[in-house]
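Read off the chains here:
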Amino acid sequence: MQQIIATYQQSFAHQAAAVHATPSRKAIEDLRIAWLGRKGKIPALYQDLKGVTDGREKGLLGKAINELRNTIEAAIADLQAAGARAVLAAQLARPPLDVTMPVSAGSRMGSLHPVSLMRNLVVDELAKLGFSVFDGPEVETDFYNFTALNIPENHPARDMQDTFFIAEHPHYVLRTHTSNIQIHAMLQEKPPLRLVAPGRVFRVDNDATHTPMFHQVEIVVVDRGISFAHLKGLIEYTMKAVFDSSMKIRLRPSYFPFVEPGAEVDMLCSMCRGSGCRVCKESGWLEIGGCGMIHPNVFEAVNYDSETYTGMAFGFGLDRMAMLKYGINDLRQFFNGDYSFQQQFPLYSPR
Ligand code: DAH
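Residues numbered from 1 in each chain as written. Predicted model: local features only at pLDDT ≥ 70, side-chain atom pairs only at ≥ 80, totals over all residues. Heavy atoms only, no water.

Peer 1: Looking at this structure, how should I read the state of the cysteines?
Peer 2: Each disulfide is one covalent bond, formed between the sulfur atoms of two cysteines. Under the counting rule described, the total for this entry stands at 0 disulfides. Here C291 is not disulfide-linked; the sulfur of C269 is the nearest cysteine sulfur, at 20 Å. Of the residues examined, C291 reaches a relative accessible area of 2% and is grouped as buried. (Disulfide = S-S within 2.5 Å. Buried < 20%, exposed > 50% of the residue type's maximum accessible area, 1.4 Å probe, protein only.)

Here it is as structure tokens:
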């Protein structure tokens, strides 16, 4: 047996050197199986060892087999690592993917998501009027999401928006609305101010008409002499531009802590044009957002002078508007990643 172990040492070294010269995943695996596999040479040696009766000899042989096995295991691990490095090097040596190549005829054309289409529509319309586009963080402190918007700690209005809190950081939330961007913008800019701020928002909601993540757009104007008439005019203008010139809106008095007076905004049901249908629950109108005149407490939080300036704000749900514009009946279609759904919105179609 001593003899066999010695020859094995040599023949393994030989075979390993050959694999090392032209490494491939298969060659390395074949080598491993031949030596260490269940029916390989090393297990066979251990099998033979059972037949050795002399205790001293058995001990010495066992030690020699163990050493051989350890050598083989280490060599194969080295070969495997070298093989992985070679595969990576070959990949890196290949010419890189050119993402600027023109799309070839017949290949699949990408398209913008309907919520992106709706966001672009709203933002473009307001940009034409001289509005700046603002962005804000999705992980937000409760100051920007609530307190500065006149929703102090323990105020019941915090319950209106079931919030995702971040367990280790009690003052951080996933923002519940894009109204937080009002505060960032006003702290950053002096009045007058005209802004449009689209973004993702989060609430603990999940059913056919609510998803835990959805999209809003916030629109704010602060200047001298801004009135409720401007607010109504701008909402009407925006909705006519996004839908069509026969679009109508309706305001219903409502409560939002960051505005006074405040109202809910309804638009004419785009499915039935006001005559009543299933979508609008026979009312002819659909709720799409909230609006109002910015509360003096909000101005105070951002050091704007509420004696000199007045402001108006409105916030819409972009998903809702996209559903109505493109005739989509289930909100979840937006987020389930179905390619055939997405293919209905060709890239360059502006609306
Ligand atoms: N932030 C409100 C919400 O998510 C919507 C809203 C209401 C926005 C009134 C406004 C506003 O700007 O003035 O429910």
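Peer 1: Please clarify how the site of the ligand should be interpreted in this entry.
Peer 2: H177, S179, R203, Q216 and E218 are the nearest of the 16 residues found near the ligand. Contacts to the ligand include S179, whose side-chain N or O atom sits 2.9 Å from a nitrogen atom. About the coverage of the ligand: the protein hides 92% of its 360 Å² of free accessible area. Residues belonging to the shell around the ligand are distributed by class as follows: 6 nonpolar, 8 polar and 2 charged. (Near = heavy atom within 4 Å. Polar contact = N/O pair within 3.5 Å; in protein donor to acceptor, adjacent residues only side chain to side chain. Areas by Shrake-Rupley, 256 points an atom, 1.4 Å probe, with all protein chains shown as cover. Nonpolar A, V, L, I, M, F, W, Y, C, P; charged D, E, K, R; others polar.)

Peer 1: When you look at the sheet that holds strand β9 (residues 285-294) in this model, what are you seeing that I'm missing?
Peer 2: Strand pairing in a sheet relies on backbone hydrogen bonds. The paired strands run either parallel or antiparallel. Across the sheet, which stays open at both edges, the 7 strands sit in the order β1-β5-β6-β10-β9-β8-β7 with mixed pairing between neighbours. Strands at the two margins of the open sheet, each flanked by one partner only, are β1 (132-133) and β7 (249-254). When β7 meets strand β8 (residues 259-268), the two strands line up antiparallel, connected through 6 bridges. Counterpart to I249 in the pairing with β8 is M267. (Pairing = 2+ DSSP bridges. Helix = DSSP H or I, 4+ residues; strand = E, 2+ residues; numbered from the N terminus.)

Peer 1: Can you help me understand the packing of aromatic side chains in this one?
Peer 2: Throughout the structure, instances matching the rule amount to 10 aromatic pairs. With a centroid separation of 5.2 Å and an interplanar angle of 85°, the aromatic rings of F143 and Y144 are classed as edge-to-face. Take F143: its relative accessible area is 32%, and that puts it in the partly exposed class. Ring geometry for F256 versus F258: centroids 6.1 Å apart, planes at 40°, classification tilted. In this structure, F256 and F258 share a single accessibility class: buried. One aromatic cluster is present, built from ring pairs that chain together Y326, F334, F335, F341 and F345. Residue placement shows K41 over the ring face of W35; its charged tip is 4.8 Å from the ring centre. Over the aromatic face of F243 sits the side chain of K325, whose NZ or CZ is 5.9 Å from the ring centroid. (Phe/Tyr/Trp six-rings, centres within 6.5 Å; stacked < 30°, edge-to-face > 60°. Lys NZ or Arg CZ within 6 Å of the ring centre and 35° of its normal.)

Peer 1: Just checking my understanding: could you explain the environment of L112 for this structure?
Peer 2: Mapped onto the fold, L112 is located in the loop between α4 (55-93) and α5 (114-128). For L112, a relative accessible area of 32% gives the class partly exposed. For the pair L112 and R32, spaced 80 residues apart in sequence, the C-alpha separation works out to 51 Å.

Peer 1: How do you make sense of the confidence of the model for the chain when you look at a structure like this?
Peer 2: Low pLDDT means the predicted coordinates in that region are not meant to be read closely. Per-residue confidence for the chain averages 91 on the pLDDT scale, and 96% of its residues sit at or above 70. Averaged pLDDT values for the elements of the chain fall to 80 in strand β3 (residues 165-166) and rise to 98 in β1. (pLDDT = per-residue confidence, 0-100.)

Peer 1: Quick question: what am I supposed to make of the packing of α5 against helix α8 (residues 228-242) here?
Peer 2: Helix-helix packing is characterised by the crossing angle of the two axes and by the distance between the axes. Between α5 and α8, the least distance of the axes is 10 Å, while the angle of their chain directions is 130°. It follows from the interaxial angle that α5 and α8 lie oblique. The hand of the α5/α8 crossing is right-handed. Facing α5, whose interface residues are M118, L121, V122, E125 and L126, α8 presents L234, Y237, T238, A241 and V242. Tallied by class, the residues present in the contact of α5 with α8 amount to 8 nonpolar, 1 polar and 1 charged. (Axes fitted to C-alpha atoms, helices over the stretch in contact; angles between N-to-C directions. Parallel < 35°, antiparallel > 145°, perpendicular 65-115°, else oblique. Left-handed = near helix turned anticlockwise from the far one by under 90°. Contact = heavy atoms within 4.5 Å.)

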